[in-house]
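Residue strings, one per chain:
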Amino acid sequence: MKDLLNVQDYLFAVQDVGDWEGEEEHVAETLNDLIHIAWDRLPDDAECEFIDETINGIWEHLRGDMAVIEADFEELVDWVTHYVDSSLDEKM
């Protein structure tokens, strides 16, 4: 079902992320990188609604969290990997 969606529809522009004290471009780029990582981890046969909830959940969890700016990128990758894997485990 993943082929019915497009990762581009979930990506953020700088103006989409809100005020991050001058770090809006960095935040948008980081979120987009994390979304691509999550997208790649999702199985091709995942239901569209599940994909939508999972990808949108990344922003829901990180919105306003200074970890997006302060954490090492590898820590964020570990978090998103765990988040997607946990979401998949809950679904099954």
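Residues numbered from 1 in each chain as written. Predicted model: local features only at pLDDT ≥ 70, side-chain atom pairs only at ≥ 80, totals over all residues. Heavy atoms only, no water.

Caption draft 1: Representation of the packing of aromatic side chains. Enumeration according to the criterion identifies 3 aromatic pairs in this entry. Between Y10 and W39, the aromatic rings sit 6.2 Å apart at their centres with planes inclined by 45 degrees, giving tilted as the arrangement. Taken together, the residues Y10 in the segment before helix 1 (24-41) and W39 in helix 1 connect sequence positions 29 residues apart. There is no split in this pair, since Y10 and W39 are both buried. Consider the rings of F12 and W59, whose centres lie 4.9 Å apart with planes at 45 degrees: the pair is tilted. Highlighted residues: F12 in the segment before helix 1 and W59 in helix 2 (residues 48-62), separated in sequence by 47 residues. By the burial criterion, F12 is buried, and W59 matches it. Above the plane of the ring of F50 lies K91, whose end atom (NZ or CZ) is 5.4 Å from the centre. (Phe/Tyr/Trp six-rings, centres within 6.5 Å; stacked < 30°, edge-to-face > 60°. Helix = DSSP H or I, 4+ residues; strand = E, 2+ residues; numbered from the N terminus. Buried < 20%, exposed > 50% of the residue type's maximum accessible area, 1.4 Å probe, protein only. Lys NZ or Arg CZ within 6 Å of the ring centre and 35° of its normal.)

So yeah, pure geometry; function would need other evidence.
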